[in-house]
Every structure is written in structure tokens, then in C-alpha cells.
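One letter stands for each residue in the lines below.
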Protein chains: 2
Amino acid sequence: MSAQTSRRERLRQATLEEIHAAARKLLVEQGSAAVTINAVARQVGMSGPALYHYYAGHDELVGAVTADFFRELAAVMERARDARAGAPTGERLLAVCRAMRAWSVAHPAEFGWIFASTISPPNRGAASARHQAALRFEQVLLDLTAELWRNRPFPVPDLAALPASQREQLTAYSAAIDGRLPPEAAHVFLACWIRLYGLLCMEVLHQLDFAYTDMEPVFEECLRDLATALGIDDTQGAAS
Amino acid sequence: MSAQTSRRERLRQATLEEIHAAARKLLVEQGSAAVTINAVARQVGMSGPALYHYYAGHDELVGAVTADFFRELAAVMERARDARAGAPTGERLLAVCRAMRAWSVAHPAEFGWIFASTISPPNRGAASARHQAALRFEQVLLDLTAELWRNRPFPVPDLAALPASQREQLTAYSAAIDGRLPPEAAHVFLACWIRLYGLLCMEVLHQLDFAYTDMEPVFEECLRDLATALGIDDTQGAAS
DNA sequence: ATGTTTCCTTAATGGCTCTAAGCAAACCTA
DNA sequence: TAGGTTTGCTTAGAGCCATTAAGGAAACAT
């Protein structure tokens, strides 16, 4: 294993990229069921079982491609954050949320894989690429929220007033994120996360078509709620 | 076609029930992918293509079973509503929400089919059993909310202050439900619906496992928010 | 120059969806 | 009650899929 990437290694990486691109193309153009080992291999120009030199099976291929999507989404969010490097934290957080929605709406099939997939065993482990990518994704929002908390703590509930079960879970989660948010603040963070993510899922999976087809105003409304909960004074107008 | 159910018809119904039960058993015990035409037929005791006498294909079978789940969920909610026939509307509404969660958590695989499924073309039509069942399901919450609105109108936003797109959509939806809620009230109803359904999806699809494993307190918290939004004074304590 | 590793191939097994062809029992009707 | 028709099933088969096995040829390492 040389430190410098060998020719072989470069070729292999190129092939992997080609495989991922083929899988994504099939997903977007023909839906989830069309992403089969055989179809992907055909698209790439090799036949069938050759793909097993790159992935142990269908589930692993799907996991790798899903991790790609996660990374792409995280990258889009990070870019939105970094594009406003000097701006107030709250403004950056809202921009990140909007970037998240923009990507999700523009890539519904990909978002569907990220969210609606039952996570198959090979991708369940904490070491899996899928999980790593999910962490990075979570991190973007967590970082900004922690920054917000440090700069100007937002209102939090009284920890003692919460049910014991919830208190314990929040304490454990606070520890898991190295105490960057105390349990009470983690409570608010998770509540925001739930509303944001939940709304996006409803939109992308078309659960609200019976009433809403254009969800943009609903999303902005949700964002205003979150801004209030996080003590972001929305002096800059919400983009529309 | 006799008005009285013929012997043939009774047998056919019994077979249909057996098929549905077999499909559900496979779903619950071995997951979504195990529900194949062949496996279901094997379970029922007939072999393969016989099932095509009952359903035109895999999608239609899935749609029929999913509609069953929808109906079962709706029935559970209706029962919760009717068990408190004399009680205040708000209390009944909360009971219905809790019943909805109880069923969903107790039947995650079934809920997954209801929610997380991309709705396949044969089940997309407004006349499909799936859609009918979804309507009945929506109805339970809508009825109670409309009753609430008639008895003691809850606070609503100013329609004129909403974006034009949203205003139009709410007006159309209000008309679609025969004006039982005016557009402003429909706005509040839909906001509640989104939070409730969204949270449930996150829970059942395990999107929050990284922080919460016991979501019961989170759900009760959400319910308190909804009660506030709907002007339900929660004098009776929330069951815990 | 030789042995090893890597990448790919074809062959084959067994499962899946779905169509086609056909048999037998149940039903209606005359 | 004898006739044809409808219904419920069967097996056969085409074409897809995932996955394993066996082997060939090129690239690489020494």
C-alpha cells in the first residue's frame, strides 16, 4: 500500500465513480427499483458479476451511493454556511436550512434514498460510510446551533420539569456531542431538527399533495418558528 | 350479479382475506422485500400465477394491503374518538392522536408501508382503495378539528398576510373540504397535521435514534403544542 | 522472466414477475 | 338434468434479478 496513489488505485477510483454515476442515473431516471446490480453493470459497460469486485452485494452498493448523496447534501449546506462567513450565526443557520431544502427539492429521488430507506444491516454499523456521512450532515446544523448557544443562549425548558426518561436521553446525547450543548439546549436543537427534517420528508415524499403543492411558504413559516425558538431576531427579511 | 352475496362471492372474499393476512405476515416477519407474489401464494397454499386471478400484479396487491392498514389505523382512531363520545372535543382530538401513535408504534412495518412507500401508479388515482382509505383517515382529524372550530374558534393567522401562493392553496383546500374550515383555519389544521405526522414518521422510520429511543415524551410535548395552537385548555392531565 | 494480483469473463443456480395454455369443478340455464 | 359458460386453479416458459464458481488475460512486482 504505497502512500502515493498507484495507477491501479486511480483506475479503480475512476471505475467507482463511474459506477456511482450510473447508479444515480438509473435512480433518477427510472426509480429506485431500476438500480440493480445488472443494470448498473450494463450501464458501465461491464457485465453482471464484475461489480462484485467493487461491492460485496446490492446492499453495499446502495449504501455507498446513499453515502454519496449524504455527502453532497452536507457539502451544499457547508457551502451555504461558508458563503456567509462573516454574517451573524442565526442568518447563516437559516441559509443552511434553505440550502438543505433547495437540494432536497431539486433531488427528490436522492433525498428519498437518504431518508425513506430502511437502513439495511451492512450500512447500520457506526463505521459505515453511510453513518459517517450522516454524522457530518448533522454536524453542520449542530455546529451553528452550538455557536448560537455560545454567543447568545436561546430560551430553554427547565430540565427538572421534563419526564425522567427524556432527561436521561438528553443528558446522554449532550455527552455524545461532547457537551457542546447542555441537555436543555439539546432539547431545543432536537425539537428544531425534528420539525425541519419532518417537514422536508412530508414535502419530498408527497404526503401533503392533497393540500399543498407549493410548499415554499410553508417551509419559510417553519423557519420563522425555528428562528423564534432559537432567539434569532429576523431583522434581515426572509428570502422569498 | 345478485344483491345477495353468492356462495362464490363469499369464497372469493375469504380467499382475499387469506391473501391479505399472508402478505401482512410476511411483511411483519420478514420485511417488505419478502412480500412477493410467489411467497404470498405459497403461504396461502396456491402456486404462483393463481394470485393473478385476484390482483393484476404485485403493485395492486401491495396497494390493497396498504389500504387495509390505512383502514385499520382509521378504525382505531375512530374508536378512540367514539369511546369518549360525551367528552370535550379537544380531549377527544388528543385521544385520537395518541391512538394514532399507539397503532403506529405497535405496527411499524405497516406504518412504513402507509407512509414511506412511493405510491405506485396503479394506486395513485383518486378512485383507488388506497386513496379512499387515506381520505377516511384524514377525515377523523378533520372532523374533530372542524367541530373544535365551530364550538370555540382557535386563533388563526391573517389570511391577507400570507403569501399569495399559500392563500390560493388554502382557499382551494377549504373548498375541497366543503368549507368546513375556512382557509385560515385550514392553515392551522394543516400545520398541526404536518407536525404530528412528521414526528411520527421520524419515530417509526428511526431517524431520531441517534438521540431519542423513547419518543413518548417528545410526542406528548408535540401534543401540548398542538393543544395550545388549537386553543384546547389542557385541564385534564396528559396521560403518561 | 516469473509468479502474483487484479479485473473481468462466462456458466449456472435459484428466485422473482408475469403471460399463455389448458384442465376441472362450480354455476347458470334451458 | 344436459349444455355451455364462468371461475379457480394448474404447469410451462420467457426474461429479469442476485449471487457463486471457475477460469482467462492483462498489469504489476520482483
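Residues numbered from 1 in each chain as written. Chains lettered and ligands numbered in written order. Predicted model: local features only at pLDDT ≥ 70, side-chain atom pairs only at ≥ 80, totals over all residues. Heavy atoms only, no water.

*Asks:* A description of the packing of helix 1 (residues 7-30) of chain B against helix 3 (residues 58-82) of chain B should follow, citing residues and the corresponding values.
*Replies:* Residue and element names in this part refer to chain B. With their axes 10 Å apart at the nearest point, helix 1 and helix 3 run at an angle of 85° to one another. By the angle between their axes, helix 1 is roughly perpendicular relative to helix 3. Within the contact between the two elements, helix 1 uses Ile19, His20, Ala23, Arg24 and Leu27 and helix 3 uses Leu61, Ala64, Val65, Asp68, Phe69 and Glu72. Looking at the contact of helix 1 with helix 3 residue by residue, the class counts come to 7 nonpolar, 1 polar and 3 charged. (Axes fitted to C-alpha atoms, helices over the stretch in contact; angles between N-to-C directions. Helix = DSSP H or I, 4+ residues; strand = E, 2+ residues; numbered from the N terminus. Parallel < 35°, antiparallel > 145°, perpendicular 65-115°, else oblique. Contact = heavy atoms within 4.5 Å. Nonpolar A, V, L, I, M, F, W, Y, C, P; charged D, E, K, R; others polar.)

*Asks:* Give me the interface of chain A and chain B: which residues, what numbers.
*Replies:* At the interface, 30 residues of chain A touch 30 residues of chain B. Regarding the contact of chain A and chain B, the summed buried area is about 2,900 Å², with carbon and sulfur atoms giving 64% of it. Scanning the region where chain A abuts chain B turns up 0 salt bridges. Taken together, chain A and chain B are joined by 10 residue pairs in polar contact (both at pLDDT 80 or more). Contributing elements (two or more residues each) for the side of chain A that touches chain B: helix 5 (108-116), helix 7 (164-176), helix 8 (183-204) and helix 9 (216-229) of chain A. A total of 9 residues in the side of chain A that touches chain B trace back to one element, the largest contributor, which is helix 8 of chain A. Residues belonging to the side of chain A that touches chain B are distributed by class as follows: 19 nonpolar, 7 polar and 4 charged. (Buried area = accessible area lost by both parts, 1.4 Å probe. Salt bridge = Lys/Arg side-chain N within 4 Å of Asp/Glu carboxyl O. Polar contact = N/O pair within 3.5 Å; in protein donor to acceptor, adjacent residues only side chain to side chain.)

*Asks:* Quick rundown of the layout of surface pockets? Include the residues and the values.
*Replies:* Over the atoms rolls a probe the size of a water molecule, and its path tells where empty space is left. Here the second largest pocket is characterised by a volume of approximately 1,200 Å³. Taken together, 43 residues make up the lining of the second largest pocket; nearest its centre are Arg195 and Asp225 of chain A together with Arg195, Asp225 and Leu226 of chain B. Of all the elements in the fold, those that place two or more residues in the lining of the second largest pocket are helix 8 and helix 9 of chain A together with helix 8 (183-204) and helix 9 (216-229) of chain B. Among the residues making up the lining of the second largest pocket, the classes are represented as 27 nonpolar, 8 polar and 8 charged. (1 Å grid on protein atoms, 1.4 Å probe; cavity = no way out; pocket = protein on both sides within 12 Å on 5 of 7 lines; lining within 4 Å. Points joined across faces, edges and corners; volume = space filled by probe spheres on them.)

*Asks:* Give me the lowdown on the protein's contact with DNA strand D, citing residues and values where you can.
*Replies:* By nearness alone, 18 residues border DNA strand D, and Ile37, Arg42 and Tyr52 of chain A together with His53 and Tyr54 of chain B come closest of all. For DNA strand D, the fraction of protein-proximal atoms (within 4 Å) that sit in sugar or phosphate groups is 65%. Between DNA strand D and the protein, one listed contact pairs a phosphate oxygen with a backbone N or O atom of Ser47 of chain B at 3.0 Å. Between DNA strand D and the protein, one listed contact pairs a phosphate oxygen with a side-chain N or O atom of Tyr54 of chain B at 2.3 Å. Among the elements of the structure, helix 1 (7-30) and helix 2 (37-44) of chain A together with helix 1 of chain B are those that each provide at least two residues to the surface near DNA strand D. Among the elements that take part in the surface near DNA strand D, helix 2 of chain A stands out by supplying 3 residues, more than any other. A breakdown of the residues in the surface near DNA strand D according to their chemical character gives 7 nonpolar, 6 polar and 5 charged. (Near = heavy atom within 4 Å.)

*Asks:* Any details on the side chain of Gln169 of chain B? Residues and values, ideally.
*Replies:* Inspection of the secondary structure assignment puts Gln169 of chain B in helix 7 (residues 164-176). On the accessibility criterion, Gln169 of chain B (10% relative accessible area) is buried. Polar side-chain contacts of Gln169 of chain B include one of 2.7 Å to the backbone nitrogen of Thr213 of chain A. Only 3.0 Å separates the side chain of Gln169 of chain B from the backbone nitrogen of Asp214 of chain A, close enough to count as a polar contact. What Gln169 of chain B contacts, discounting residues up to four positions off in sequence, is Ala211, Tyr212, Thr213 and Asp214 of chain A. (Buried < 20%, exposed > 50% of the residue type's maximum accessible area, 1.4 Å probe, protein only.)

*Asks:* How would you sum up the state of the cysteines? Please name residues and give values.
*Replies:* Across all of its chains, the model carries 0 disulfides over all chains by this definition. Cys222 of chain A takes part in no disulfide bond, and the closest cysteine sulfur to it belongs to Cys97 of chain A, at a distance of 8.3 Å. Of the cysteine sulfurs around Cys201 of chain B, a residue in no disulfide, the closest is that of Cys201 of chain A, at 7.3 Å. (Disulfide = S-S within 2.5 Å.)

*Asks:* Can you lay out the relation of the copies chain A and chain B for me, pointing to particular residues and giving the numbers?
*Replies:* For the pair chain A and chain B, the best superposition has an RMSD of 0.1 Å and corresponds to a rotation of 180° with a translation of 0.0 Å parallel to the axis. Such values leave the two copies arranged in the relation of a two-fold axis. The rotation axis passes nearest to the C-alpha of Gly198 of chain A in chain A, at a distance of 2.2 Å. Both copies present the same face, since 100% of the interface residues in chain A are matched by interface residues at the equivalent positions in chain B. (Least-squares fit on C-alpha atoms with pLDDT ≥ 70 in both.)

*Asks:* With reference to specific residues and values, describe the domain arrangement of chain A.
*Replies:* In many reports, interface size means the accessible area that the parts give up when they come together. Residues and elements named next belong to chain A. Domain boundaries in chain A define domain 1 (1-55) and domain 2 (59-230). The distance between the C-alpha centroids of domain 1 and domain 2 comes to 30 Å. Taken residue by residue, the interface counts 11 residues in domain 1 and 12 residues in domain 2. Buried area between domain 1 and domain 2, both sides added, is near 1,000 Å², and the carbon and sulfur share of it is 70%. The largest contributions to the domain 1 side of the interface with domain 2 come from Arg24, Leu27 and Tyr55, which together make up 55% of the buried area. Applying the counting rule to domain 1 against domain 2 returns 2 salt bridges. Between Glu110 and Arg24 there is a salt bridge, with its nearest N and O atoms 2.8 Å apart. (Domains from an automatic or database assignment.)

*Asks:* Pulling in residues and values, what's your account of the UniProt feature "DNA-binding region" (unreviewed entry) in chain A?
*Replies:* As annotated in UniProt, the feature "DNA-binding region" (unreviewed entry) corresponds to residues 36-55 of chain A in the numbering used here. Across residues 36-55 of chain A, the secondary structure splits into 40% helix and 0% strand, with the terminal C-alpha atoms separated by 13 Å. (UniProt positions renumbered as here; feature names shortened; annotations may be inferred.)

*Asks:* Go over the packing of aromatic side chains with me, naming the residues and quoting the values.
*Replies:* Inspection of every chain in the model, using the stated rule, returns 18 aromatic pairs over all chains. On the basis of an interplanar angle of 65° and a centroid distance of 5.9 Å, the ring pair of Tyr173 of chain A and Phe210 of chain B is categorised as edge-to-face. Of this pair, Tyr173 of chain A sits in helix 7 while Phe210 of chain B sits in the loop between helix 8 and helix 9, placing the two residues on different chains. Taking relative accessible area as the criterion, Tyr173 of chain A reaches 4% and is therefore assigned buried. Residue classification places Phe210 of chain B among the partly exposed positions, given a relative accessible area of 31%. (Phe/Tyr/Trp six-rings, centres within 6.5 Å; stacked < 30°, edge-to-face > 60°.)

*Asks:* Outline the pattern of salt bridges, supporting the account with residue identities and numerical values.
*Replies:* Under the defined criterion, the tally for this structure stands at 22 salt bridges over all chains. Beyond isolated ion pairs, a larger network of salt bridges with shared partners links Arg24, Glu72 and Glu110 of chain A.

*Asks:* Before we move on, can you summarise the UniProt feature "domain: HTH tetR-type" (unreviewed entry) in chain A with the specific residues and values?
*Replies:* Under the present numbering, the feature "domain: HTH tetR-type" (unreviewed entry) in UniProt falls on residues 13-73 of chain A. In residues 13-73 of chain A, helix accounts for 69% and strand for 0%; the two terminal C-alpha atoms are 21 Å from one another.

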